[in-house]
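One-letter residues, chain by chain:
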Amino acid sequence: MTTTDTEDRIRRRDDEEADIYDEDGNVRGDFLALLGAAIADRDTLFLRQNVARLHESEIGDLLESIQPDQRLALVRLLGEDFDMTALTEVDEAIRREIVDQMPNEQIAAAIGDLDSDDAVYILEDLDKEDREEILAQLPFTERVRLRRALDYPESSAGRRMQTEFVAVPPFWTVGQTIDYMRDEENLPYSFSQIFVIDPTFKLLGAVDLDQILRTKRQTKIEQIMRETNHPVPAEMDQEEAAQLFEQYDLLSAAVVDENDRLVGVLTIDDVVDVIHEEADEDIKRLGGVGDEELSDNVLSTARSRFLWLLINLATAMLSASVIGLFDASIEKMIALAVLMPIVASMGGNAGTQTMTVTVRALATRDLDIYNAGRIIRREAGVGILNGAVFATIMGAIAAVWFNDYQLGGVIAAAMIINLMAAALAGILLPLLLDKMGADPAIASSVFVTTVTDCTGFFAFLGIATWWFGI
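Thresholds applied
Residues numbered from 1 in each chain as written. Predicted model: local features only at pLDDT ≥ 70, side-chain atom pairs only at ≥ 80, totals over all residues. Heavy atoms only, no water. UniProt positions renumbered as here; feature names shortened; annotations may be inferred. Helix = DSSP H or I, 4+ residues; strand = E, 2+ residues; numbered from the N terminus. Patch = residues over 30% accessible without salt bridge, like charges linked within 9 Å, V, L, I, M, F, W, Y side chains within 5 Å. Areas by Shrake-Rupley, 256 points an atom, 1.4 Å probe, with all protein chains shown as cover. Salt bridge = Lys/Arg side-chain N within 4 Å of Asp/Glu carboxyl O. Lys, Arg positive; Asp, Glu negative; His and termini not counted. Charge placed at Lys NZ, Arg CZ, Asp CG, Glu CD. Buried < 20%, exposed > 50% of the residue type's maximum accessible area, 1.4 Å probe, protein only. Contact = heavy atoms within 4.5 Å. Polar contact = N/O pair within 3.5 Å; in protein donor to acceptor, adjacent residues only side chain to side chain. Pairing = 2+ DSSP bridges.

Per an unreviewed UniProt entry, the protein chain is named Magnesium transporter MgtE, and its organism is Rhizobium phaseoli. For the record of the protein chain, the UniProt heading Function (unreviewed entry) holds the text "Acts as a magnesium transporter."

1. Observations concerning unusual backbone geometry
Backbone geometry places D260, a non-glycine residue, at a positive phi of 65 degrees. Structurally, D260 is set in the loop between β5 (252-256) and β6 (262-267). Backbone geometry places N403, a non-glycine residue, at a positive phi of 55 degrees. Turning to its location among the elements, N403 is positioned in the loop between α20 (372-402) and α21 (405-435).

2. Topic: a negative patch on the surface
A surface patch of like charges, here negative, comprises D100, E105, D127, E129 and E133. The residue E129 is located in helix α9 (residues 128-136) in this model.

3. With respect to the pattern of salt bridges
Using the criterion set out here, one finds 12 salt bridges in the structure. Ionic pairing is found between D81 and R48, a salt bridge with its closest N-O pair at 2.6 Å. Of this pair, D81 sits in the loop between α5 (68-78) and α6 (92-101) while R48 sits in helix α3 (residues 44-50), placing them 33 residues apart in sequence. On the basis of relative accessibility, which here comes to 35%, the residue D81 falls in the partly exposed class.

4. Points about a nonpolar patch on the surface
Residues I334, V338, L385, V389, F390, I393, I397 and W401 make up a contiguous nonpolar surface patch of roughly 750 Å² in combined accessible area. Counting only elements with at least two residues in the nonpolar patch, the list comes to α19 (334-363) and α20. Looking at the nonpolar patch element by element, the count peaks at 6 residues for α20. For W401, the location among the structural elements is in helix α20.

5. Focus: the UniProt feature "transmembrane region" (unreviewed entry) in the protein chain
With numbering matched to this structure, UniProt assigns "transmembrane region" (unreviewed entry) to residues 306-326, 380-402, 408-433 and 445-468. Helix and strand shares over residues 306-326 are 90% and 0% respectively, and the end C-alpha atoms of the span are 31 Å apart.

6. Observations regarding the UniProt feature "domain: CBS" (unreviewed entry) in the protein chain
As recorded in UniProt, the sites labelled "domain: CBS" (unreviewed entry) are residues 225-281. As annotated, residues 225-281 comprises 44% helix and 23% strand, and the C-alpha atoms at either end are separated by 39 Å.

7. Details of the environment of Q243
Mapped onto the secondary structure, Q243 falls in helix α15 (residues 238-248). Note: C-alpha distance between Q243 and I275 (32 residues apart in sequence) is 8.7 Å. When near neighbours in sequence (up to four residues on either side) are disregarded, Q243 contacts A363, T364 and R365.

8. So, the side chain of T215
Relative to the helices and strands, T215 resides in the loop between α13 (209-214) and α14 (221-224). At a separation of 2.6 Å, a polar atom in the side chain of T215 contacts the main-chain carbonyl oxygen of Q211. Beyond its immediate chain neighbours, meaning those up to four positions away, T215 contacts V174 and I224.

9. So, the sheet that holds strand β1 (residues 167-168)
Hydrogen bonding along the main chain pairs the strands of a sheet, whether they run parallel or antiparallel. Across the sheet, 3 strands lie side by side as β1-β2-β3; this open sheet has mixed pairing. On the outer flanks of this sheet lie β1 and β3 (203-208), each paired with one strand and no other. In this structure, strand β2 (residues 193-197) lies alongside β3, joined through 5 bridges in antiparallel fashion. Bridge assignment links I194 to a residue of β3, and that residue is V207.

10. Here we look at the environment of T352
Looking at the element boundaries, T352 is found in helix α19. Using a relative accessible area of 32% as the deciding quantity, one classes T352 as partly exposed. Taking the C-alpha atoms as reference points, T352 and A423, 71 residues apart in sequence, are found 8.7 Å from one another.

11. Regarding helix α8 (residues 116-123)
Every α-helical turn comprises 3.6 residues, leaving residues that sit three or four positions apart pointing alike. Of all 8 residues in α8, 8 are buried, a share of seventy percent or more. Of all the residues in α8, the buried ones are S116, D117, D118, A119, V120, Y121, I122 and L123.

Structure (structure tokens):
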């Protein structure tokens, strides 16, 4: 690589838009081409001027867009200019791939500059031996804070919290508090409230920064502090903590231990990540794909999908056995074989609609014991109404198609029965699984589909066998 190559590459970059994204929100192909060439030529000048300056989320998108062999090369070429926070923006598989290849000394040096919540996010993916080696290289106070956060359960508020916060005693004046914030060098990068604590770090209250600015210097903090808005227990599940933020429109919340001592703060940026992760997890579980990521390899992806495909195979065999009960009827009336998938398909789609709404309502706690009865009656009504409408449509189509009005009546009756069963299965099965302590997002889909298939086949073929005497 020559100096001319570097200057030409930077000139080409400067001639283009500063934004690395196209109008569809994807990383621009021309920038990826320049980046790939710079990595191949070990052009650190271009990388520092055009990559190191980017926001961590943008660097994360770049890491996910380039080839696997380019990722580690990019990190190594940037060296100290690489923002480790970018690793919190990528898939877990990519983060592990990069971190596993980085020396522990480099990780320790980089983690020292991160907020505690971002540091925990990276450390929790490491092997225990590597994690301890990295923690041993950190200053004592920081090491204690990170270890305490890592001791909390995975997916808890304690794991998500930031241990950097501002706390003052109640007898301080507003003036003392302002002077403290001006003189203290180790304040959080961004914060919106100050917490009030006693000598044992027990949380007493909080004061918003705007209140500090509007109050005279001689006023004591205890005179303007308020009770903390919904402190979050460190052991609370992160999804429950996110629901508190949503319900009470919080920007930040104190995190307390079992003795009500202040141990950290949960901020809205972390909660947004939690909401995204939980929604993504629910969608994946509804499809039976577990914790799969787009960056996973073929073997791990196949393994994550295998179990639910196996269960689907077993339930499909159950549906097939129902059809087998009426093989003689199907042989005598071929129209039954043509029409029966329609009944099962309509039931499956109707059941999936109800199940999706129910699972989401359970996740957001909008559905509980107090309104379950009303929602069940509503879904049953929807099933009957849609069943009647589509029974009329399909009955007319079948009658004209096969020139047999009796067959149209049979499929119409089966359609009503199956859509009614689909609506009830779509709400009752998730409720039952949730009551039993199972995750309805994982298991509901298979069982709802089984109910609608078996009910649809049995209703249609059974009514047809009885009515036509075959």
